[in-house]
Amino acid sequence: EERGGAALAPASLAPGSKSPPPSAAGDAALRRQPVSRRRQMRTVEVYENERRLTVLRKYSADDLFPLDYSHYSDEYGTQRWSSLEEVPLPDGDGWRWASPFRVDYDGGNKNDEGWQFGIHFNTGWLSASNALTHVRRRRWIRDAEYAP
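Residues numbered from 1 in each chain as written. Predicted model: local features only at pLDDT ≥ 70, side-chain atom pairs only at ≥ 80, totals over all residues. Heavy atoms only, no water.

A. Spatial organisation of the layout of surface pockets. Reported here for the largest pocket is a volume of approximately 190 Å³. Around the largest pocket sit Thr43, Val44, Glu45, Asp74, Gln79, Trp81, Val87, Pro88, Leu89, Pro90 and Asp91, which together line it. For the lining of the largest pocket, the element with the most residues is strand 3 (residues 40-51), which contributes three residues. When grouped by side-chain class, the residues that make up the lining of the largest pocket number six nonpolar, two polar and three charged. (1 Å grid on protein atoms, 1.4 Å probe; cavity = no way out; pocket = protein on both sides within 12 Å on 5 of 7 lines; lining within 4 Å. Points joined across faces, edges and corners; volume = space filled by probe spheres on them. Helix = DSSP H or I, 4+ residues; strand = E, 2+ residues; numbered from the N terminus. Nonpolar A, V, L, I, M, F, W, Y, C, P; charged D, E, K, R; others polar.)

B. Up close: the pairing of strand 3. The sheet contact formed by strand 3 and strand 9 (residues 135-146) spans 12 bridges and is antiparallel. Pairing of Val44 across the sheet is with Arg142, part of strand 9. With two bridges connecting them, strand 3 and strand 4 (residues 72-73) associate as antiparallel partners. Paired with Tyr47 across the bridge in strand 4 is Ser73. (Pairing = 2+ DSSP bridges.)

C. Quick look at the side chain of Glu50. Its location among the elements puts Glu50 in strand 3. For Glu50, a relative accessible area of 10% puts it in the buried group. Within the local environment of Glu50, its side chain forms a polar contact with the side chain of Arg136, the two groups lying 2.7 Å apart. (Buried < 20%, exposed > 50% of the residue type's maximum accessible area, 1.4 Å probe, protein only. Polar contact = N/O pair within 3.5 Å; in protein donor to acceptor, adjacent residues only side chain to side chain.)

Structural data, given as structure tokens:
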């Protein structure tokens, strides 16, 4: 608990002891830290989408069809952006970016550049391109921190 900004010592301290037992030390530190100082983080995810028209062409955002997911979108293509710089902070005041966007390499079904490949955007994803895959996507993530 706090009163007037000063932390109260736990009642379980033995006489002459300067610190709480190890098991209580972490709990006491959390109690002493004002709520406003605890870091609340949220990871924002964005998918980069591209299409190739034929096996002989490279994947490109320029070849996306009007009804395709946009160059940058949420996982299901419902939110659309033309660049990563347009992606907004989480809803509500007090959020700020805590990191730059970075490609998410974690998880399976990705090549070494983070791309996943599919026949269409809603047919499932593979880790390698083949003659039947016409679209690809990769996930970008960025951390936001609540700091009112």
